[in-house]
Structure formats: structure tokens, C-alpha cells
Amino acid sequence: MPRAGLTADRLVAAAADLADEAGFENVTLSALARRFGVKDASLYAHVRNLQDLRTRLALLAGGELIDRIAAAVAGRAGKDALAAFAGAYREYALTRPGRYAATQIRIDQYVVARSPALRRTAEITYGMLRAYGLTEPDLTDAVRLLRSTFHGYCVLEAAGGFGASRDVQASWDRAIDALHVALENWPPD
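Below is a summary of the structure that appears in this document.

Considering the pattern of salt bridges
Then, in step 1: Using the criterion set out here, one finds twelve salt bridges in the structure.
Then, in step 2: Two residues, arginine 35 and glutamate 21, come together in a salt bridge whose shortest N-O distance is 2.1 Å. One end of the pair, arginine 35, is in helix H2 (residues 29–36); the other, glutamate 21, is in helix H1 (residues 8–22), and 14 residues separate them in sequence.
Then, in step 3: Relative accessible area serves as the criterion here: at 39%, arginine 35 is assigned to the partly exposed category.
Then, in step 4: Aspartate 52 is paired through a salt bridge with arginine 48; the nearest N and O atoms lie 3.6 Å apart.
Then, in step 5: Overall, the relative accessible area of 62% leaves arginine 48 in the exposed class.
Then, in step 6: When salt bridges that share partners are traced, they join Asp17, Asp20, Glu64, Arg96 and Arg99 into one network.

In C-alpha cells form, the structure reads like this:
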């Protein structure tokens, strides 16, 4: 019988907090059980295993991230939308590092297809890029360019990997300018 007050949603929320505090790699069923003062076995009434917990955490974090991005890009197009999208992405990655790390795990395609948050992510991202006149397969290529640029920049920034005296924000702004130019002048196939 499930322990009173313990639910899958509470476990995932606690796992998200733990991820931000201690790092995504330190989210374990044992660590989570300690937070609730229960035995590890008590958690199995709510989550199947560690992978299930981490997948649920990734979906929670992905939903939070796209909510922030959607609010930022609402009513914008072109470079304004790109800058707002990028800014919301970066802010989430830097202020919610464990949750952000969860968004980078590989999720079963069946789960992805059934996730409203992940479908919304695709809709908003592809919608922003369609304003640049892109169609498939260029849309997919552009998504990969943006994701790898944003992710790489945020990971390096979080790790203190930018040692030059140039202001990190100024470099970020120039990167967004360069991405905008690349999207406006996408090379023909």
C-alpha cells in the first residue's frame, strides 16, 4: 500500500530539487528515499525504477523549460523571437542546472510521442524557425544548430569555461546575432 502523502508527483518534484542542489547524476532512489524518511522500497509503489524517475524528471523539466520559452517568444518573430528563445533557454540552464541536465537525457520515442510538453517544444521551436522561411529538412538542421549552440554555450558558461576578459553576455549577444544571420541566409541544399 502506498505511504500516505507520497505520490509520483511529489517524488518527481523532490527529485528535481535534488537535481538542482546536488546534480542530476546524484538523483538516486536511495537519496530520494532519505529525503522522505522512507525505505527505498517504498518508492516502487510510485515509480518503476531509477530510469522511470529520471524520465519523469526530464519531462517535468522539459515542460518547465518550454513554458518559459513560450512566454518569452509570445508575439515575437525573427531576431526578437530568436533572442527571447535563447535568453529563456540560457536562464533556465544556468538557474536550474540539475533540471536542465535532465532535459538532455535520451527518452524512449514512445514516451516522447505521448508527451504534450515535448510536442509543444517542437511546435514552438519549428514555428519560430518557419518565420525564417525554412522547411524540412532545413528545419531539423536549424534546430540541431540552435540546440547545440545554446547547450554548448550554457555548459561552458556554467563550468566557468570562458576565461577571456571579454564579457560573457556580450559574446552571447554576438552569437545570437550570428545565428540570426545564418538563419536569414540559410544555404540552399
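Focus on the side chain of arginine 90
Then, in step 1: Counting through the fold element by element, arginine 90 comes out in helix H4 (residues 78–95).
Then, in step 2: When its relative accessible area of 10% is taken as the criterion, arginine 90 is described as buried.
Then, in step 3: Among all residues touching arginine 90, those that are not within four sequence positions of it are Tyr153, Cys154, Glu157, Val168, Gln169 and Trp172.

Thoughts on the environment of isoleucine 69
Then, in step 1: By the element assignment, isoleucine 69 lies in helix H3 (residues 50–73).
Then, in step 2: Overall, the relative accessible area of 2% leaves isoleucine 69 in the buried class.
Then, in step 3: In this structure, the C-alpha to C-alpha distance between isoleucine 69 and alanine 81, residues twelve residues apart in sequence, is 9.5 Å.
Then, in step 4: Beyond its immediate stretch of four places on either side in the chain, isoleucine 69 contacts Phe85, Ala88, Tyr89 and Ile124.

Structural notes on H2
Then, in step 1: Regarding H2, the residues found buried are Leu29, Ala31, Leu32 and Ala33.
Then, in step 2: As for H2, its buried residues are in contact with H1 and H3.
Then, in step 3: Looking one or two residues beyond H2, the residue adopting positive phi is glycine 37, at roughly 65°.

Let's talk about the nonpolar core
A general feature of soluble globular proteins is that nonpolar side chains tend to end up buried together.
Then, in step 1: In terms of nonpolar packing, the biggest core is built from 33 residues, with Ile69, Leu82, Leu129, Leu146, Phe150 and Leu183 touching the most fellow members.
Then, in step 2: When near neighbours in sequence (up to four residues on either side) are disregarded, leucine 82 contacts Met128, Tyr132, Leu146, Phe150, Ile176, Leu179, His180 and Leu183.
Then, in step 3: Grouped together as the second largest cluster of nonpolar side chains are 22 residues, Ala14, Ala19, Val27 and Ala102 included.

The rules behind these values
- Note on numbering: residues in each chain are counted from 1, in written sequence order.
- Local features in this predicted model are restricted to residues of pLDDT 70 or higher, and side-chain atom pairs are both shown and tallied only at a pLDDT of 80 or more, whereas totals for entire chains, interfaces and linings draw on every residue.
- Hydrogen atoms and water are omitted, and side-chain values are computed over all heavy atoms in the structure.
- Criterion for a salt bridge: a side-chain nitrogen of Lys or Arg within 4 Å of a carboxyl oxygen of Asp or Glu.
- Helix and strand assignments come from DSSP, with helices taken as H or I runs of at least 4 residues and strands as E runs of at least 2, each series counted from the N terminus.
- Burial classification: accessible surface area is computed with a 1.4 Å probe over protein chains only, and a residue below 20% of its type maximum counts as buried, one above 50% as exposed, and the rest as partly exposed.
- Pairs of residues are marked as contacts when any of their non-hydrogen atoms sit within 4.5 Å.
- By convention a nonpolar core is built from buried Ala, Val, Leu, Ile, Met, Phe, Trp, Tyr and Cys residues, the set being connected through side-chain atoms within 4.5 Å.

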